There are 2 protein chains.
Amino acid sequence: MAANSAASLLSVLRPCRILSTGIHLPPAVDSTTIEKAHGLPEGWSLKHSGVSVRHQVINENVADLGAKAGQHALENAGLSLSDIDVLITAGGSFDQIIPSQAALTLAMMPGGEDARCEAFHINTTCLSFVSAFALAADKLQLPGVKYVLVVASEVASKNIGPENWETLTLFGDGAAAMVLEYTEDPNCGLVTHMHKHYTEGIRSAQIPGGGASKCFADYPFSSELHHFQMDGRELLRLTLKYLPGFMEDFFKKGGTTWPEVTWTIPHQASKTGLGIIPKLAEIAPAQVVNILEHSGNCISASIPMGIHELMSNDKIQSGDTVLLCGTSAGYAIGSLLYQHG
Amino acid sequence: MAANSAASLLSVLRPCRILSTGIHLPPAVDSTTIEKAHGLPEGWSLKHSGVSVRHQVINENVADLGAKAGQHALENAGLSLSDIDVLITAGGSFDQIIPSQAALTLAMMPGGEDARCEAFHINTTCLSFVSAFALAADKLQLPGVKYVLVVASEVASKNIGPENWETLTLFGDGAAAMVLEYTEDPNCGLVTHMHKHYTEGIRSAQIPGGGASKCFADYPFSSELHHFQMDGRELLRLTLKYLPGFMEDFFKKGGTTWPEVTWTIPHQASKTGLGIIPKLAEIAPAQVVNILEHSGNCISASIPMGIHELMSNDKIQSGDTVLLCGTSAGYAIGSLLYQHG
């Protein structure tokens, strides 16, 4: 993709630079295996969920996946954990109730015992990485903060049941990470970020149990309480209702239009969700990163996997703009526009 | 407490102003009730945990407590939810696995259905509010962000068992909130913030279950997995080992010393933990906010309850400095110095 001319560079709100990315995927599980195991018609998964392969943990947990993706991003940057000023873990899944996932992931990384960095966990479910990117860009404006490591790691498979074929075949486990660095280049960084809630959709995607509302001691495991529930039709209705206006406001704020954006990395929410992007954006499908078929929906890890897909193929050039966008349980919409330098 | 003279004002890193605070506590439970119910000697709780009264939910959850505390803070500020640009929920407890606690709390607030604010949940367990304060101060530097509502809400009681008398009597439920506003006063705001991890203490305070590592489908409820475990002796060792050096670095960064700080609000971690602060700081106990006896340890909500205690008694005057400090599961130490204007 050709770099934009200098004349068309957007105004950067928070200078920062994607230095590197990393990824870690547990073993692949193809759709045929799932279809056979649960009595689904052959080909159902690809046809309805758009997924032919996703990855699922055997013995690894959220910290294991995250630590490996984080380490991969550090290696690609030529850094070690001791160079990192802030670690932000992002995601809707977690290994245990206490400590926070940030501490658990940090402890699992090579050098974690001697690391003295700030570390926190942020959760906006599927939008967690996008929210974390914006916070990382803020942190990099502070004196003494040079490198922020953002790790999105998700184990979705533990909360998916066979009672819903779409969620069963759609979700995957995996982690992706990014080192965001301080830069003095005023044309490289976060152009704009927007995140809005529409709580009429609060029950449209949920796992009702597992917390203080229906605590384990009183509510034993049941698929109704502890498996992910998704009302795909309602989520699509909310998206069609709110996304166009949201994106219009977003591009007004960013001083650009969707067709001018070099790369769009949508959350890999669903086949239908991904399908509406090129039409809505009036852009060519080739400008939209689509990794759903080979990774599934990895909750918050999908968007940084998309960044990694571009970065590892040298597809993000100086002057290129990258749009991250998606929806999340809650219901919320989030978008972030980044300009590379 | 007399205000500092203008000459002694500290340099502010992130201008922002505490506009208001709010609180919500579920019904009080006195120690005698707990001691009788679980066969503890009379007076054990006050003597060993330092707590005579804590509060515990009956039917309320994390979102209920948080929404009420948040609404209280809004009322004290003369604002409504529609004025809020960013909602940050902070804490180690949550109502359900998905959506994020931020969405759940927002949905529970009056006006939540029409609110369109950014909202995210941050978790550094007991230090969550301190981390959120720093992020809120960053957000207030962005164009268009005028008010950030930070809500720390915790339901500790659902993960506490009778097998450990200290945790049984120490922890309480409750929520506290703060409206942080944009200010043009360069002398009002966050002076410095520091947060470091020491993961050698990763297992010293934990709830091992409830997440992807020991998922509920495979690991039914047990006190060993789902009740909070705390190695008080080890936590004290870590604190004595790392806190003095941490605070020395912190005050060097902030350009002041502990005795010069007007108010110290430590996390209400434990009787022993609170007891070492005045000696370590070389300050009078009256300058240290101590609400342990009447609220217990409310995880991340304890520190903003301390701010509310001061604010509601008009004890924070222009020029005063307020130190928030504490330790958390992970193990981590965090501190934030705020100067009021």
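Residues numbered from 1 in each chain as written. Chains lettered and ligands numbered in written order. Predicted model: local features only at pLDDT ≥ 70, side-chain atom pairs only at ≥ 80, totals over all residues.

Draft legend 1. Region of interest: the overall build of chain A. When its secondary structure is counted, chain A shows eleven helices and 15 strands. Since a compact globule built from 341 residues should have a radius of gyration of about 20 Å, the 19 Å found for chain A is in line with a globular shape. In terms of overall dimensions, chain A has a C-alpha envelope of 55 × 50 × 35 Å along the principal axes. (Helix = DSSP H or I, 4+ residues; strand = E, 2+ residues; numbered from the N terminus. Rg over C-alpha atoms; globule rule 2.2 N^0.38 Å.)

Draft legend 2. Here's a closer look at the pairing of strand S9 (residues 174-181) of chain B. All names here are of chain B. A large share of S9 lies buried, amounting to seven of its eight residues. Bridge count between strand S2 (residues 17-24) and S9: seven bridges; the pairing is antiparallel. Considered in S9, the bridge of Gly-22 is made with Ala-177. Of the pairings in the sheet, the one linking strand S8 (residues 147-154) to S9 comprises eight bridges and is antiparallel in character. Residue pairing across strands places Val-150 opposite Met-178, the latter belonging to S9. (Buried ≥ 20, exposed ≤ 12 C-beta atoms within 10 Å, placed from the backbone. Pairing = 2+ DSSP bridges.)

Draft legend 3. Quick look at the relation of the copies chain A and chain B. Superposing chain A onto chain B takes a rotation of 180 degrees combined with a translation of 0.0 Å along the rotation axis, leaving an RMSD of 0.0 Å. On this basis, the relationship between the two copies can be described by a two-fold rotation axis. The C-alpha atom lying nearest the rotation axis in chain A is that of Ile122(A); the distance is 2.3 Å. In this assembly the copies share their binding face: 100% of the residues contributing to the interface of chain A also contribute to that of chain B. (Least-squares fit on C-alpha atoms with pLDDT ≥ 70 in both. Contact = placed C-beta atoms within 7 Å.)

Draft legend 4. Quick look at helix H8 (residues 232-254) of chain A. All names here are of chain A. A maximum bend of about 35 degrees is found in H8 at Tyr-242, where proline Pro-244 lies one to four positions downstream. Listing the buried residues of H8 in full gives Leu-235, Thr-239, Leu-243, Phe-246, Met-247, Phe-250, Phe-251 and Gly-254. If you follow the buried residues of H8, they end up packed against strand S10 (189-197), strand S11 (205-210), strand S12 (229-230), helix H9 (271-281), strand S14 (321-328) and strand S15 (332-339). Of the residues one or two after H8, Gly-255 is the one with positive phi, at around 75 degrees. (Bend = angle between axes of the 7 residues up to and from the residue.)

Draft legend 5. View of helix H4 (residues 101-108) of chain A. Of all the eight residues making up H4(A), eight are buried; the element is thus mostly covered by neighbouring parts of the structure. Inspection of H4(A) places Gln101(A), Ala102(A), Ala103(A), Leu104(A), Thr105(A), Leu106(A), Ala107(A) and Met108(A) among the buried residues, and these make up the whole buried set. Against helix H3 (62-77), strand S5 (86-90), strand S7 (118-123) and strand S8 (147-154) of chain A together with strand S10 (189-197) and strand S15 (332-339) of chain B lie the buried residues of H4(A).

Draft legend 6. Molecular detail of the sheet that holds S12(A). Spatially, three strands are ordered S12(A)-S11(A)-S6(B) in an open sheet, and the strand pairing comes out antiparallel. The sheet is open, and its two edges are formed by S12 of chain A together with strand S6 (96-98) of chain B, each paired on a single side. Pairing analysis gives two bridges linking S11(A) to S12(A), with the strands arranged antiparallel. Each residue of the ladder has a partner; that of Gln206(A), found in S12(A), is Gln229(A).

Draft legend 7. Molecular detail of the domain arrangement of chain A. Residues and elements named next belong to chain A. Domain boundaries assigned for chain A yield domain 1 (6-12 + 189-339) and domain 2 (15-181). Relative placement of domain 1 and domain 2: their C-alpha centres are 15 Å apart. Tallying the contact residues gives 41 residues for domain 1 and 48 residues for domain 2. Residue assignment for the side of domain 1 that touches domain 2 shows that the elements contributing at least two residues are S10, helix H7 (223-226), helix H10 (292-295), helix H11 (302-311), S14 and S15. Ranked by residues supplied to the side of domain 1 that touches domain 2, first place goes to H11 with six residues. A breakdown of the residues in the side of domain 1 that touches domain 2 according to their chemical character gives 19 nonpolar, 20 polar and two charged. (Domains from an automatic or database assignment. Nonpolar A, V, L, I, M, F, W, Y, C, P; charged D, E, K, R; others polar.)

Draft legend 8. Just unusual backbone geometry, in detail. A cis amide bond links Ile98(A) with the next residue in sequence, Pro99(A), at an omega value of 0 degrees. Here Pro99(A) is to be found in the loop between strand S6 (96-98) and H4. Residue Gly330(B) is joined to Tyr331(B) through a cis peptide bond whose omega torsion reads -15 degrees. Backbone geometry places Ile299(A), a non-glycine residue, at a positive phi of 50 degrees. The class for Ile299(A) is buried, based on 32 C-beta atoms found within 10 Å. The backbone of Asp314(A) shows a phi angle near 55 degrees, a positive value even though the residue is not glycine. Mapped onto the secondary structure, Asp314(A) falls in the loop between H11 and S14.

Draft legend 9. The sheet that holds S6(A), seen in detail. Across the sheet, three strands lie side by side as S6(A)-S11(B)-S12(B); this open sheet has antiparallel pairing. Because the sheet does not close on itself, it has two edges, and the strands there are S6 of chain A together with strand S12 (229-230) of chain B. Judged from the two bridges that link them, S6(A) and strand S11 (residues 205-210) of chain B form a sheet pairing that is antiparallel. When the bridges of S11(B) are listed, Gln96(A) appears paired with Gly210(B).

Draft legend 10. Quick peek at the confidence of the model for chain A. Residues and elements named next belong to chain A. Of all residues in chain A, 98% attain a pLDDT of 70 or more, and the chain-wide mean is 96. A low-confidence stretch, residues 1-6 stays under pLDDT 50, and its non-local contacts, those more than four residues away or across chains, total eleven contacts. Prediction confidence for the complex, expressed as pTM and ipTM, is 0.97 and 0.97 respectively. (pLDDT = per-residue confidence, 0-100.)

Draft legend 11. Quick peek at the environment of Ile88(A). Residue and element names in this part refer to chain A. Along the chain, Ile-88 turns up in strand S5. For Ile-88 and His-121, which are 33 residues apart along the polypeptide, the C-alpha to C-alpha distance reads 5.8 Å. Not counting residues up to four positions away in its chain, the partners in contact with Ile-88 are Phe-120, Ile-122, Ala-132, Leu-135, Ala-136, Val-148 and Val-150.

Draft legend 12. Molecular detail of the interface of chain A and chain B. Counting residues at the interface gives 59 residues for chain A, matched by 59 residues for chain B. Broken down by secondary-structure element, the contributors of at least two residues to the side of chain A that touches chain B are S6, H4, S7, helix H5 (128-139), S10 and S11 of chain A. Looking at the side of chain A that touches chain B, its residues break down into 29 nonpolar, 22 polar and eight charged. By the bridge criterion, three bridges tie S7(A) to strand S7 (residues 118-123) of chain B in an arrangement that is antiparallel. Its bridge partner being in S7(B), Ile122(A) is matched across the sheet by Ile122(B).

Draft legend 13. Representation of the packing of helix H3 (residues 62-77) of chain B against helix H4 (residues 101-108) of chain B within the structure. Residue and element names in this part refer to chain B. The contact between H3 and H4 brings their axes to 8 Å, and the two run at 60 degrees. With respect to H4, the axis of H3 lies oblique. In this structure, H3 crosses over H4, and the sense of that crossing is right-handed. On H4, the residues touching Val-62, Ala-63, Asp-64, Gly-66, Ala-67 and Gly-70 of H3 are Gln-101, Leu-104, Thr-105 and Met-108. (Axes fitted to C-alpha atoms, helices over the stretch in contact; angles between N-to-C directions. Parallel < 35°, antiparallel > 145°, perpendicular 65-115°, else oblique. Left-handed = near helix turned anticlockwise from the far one by under 90°.)

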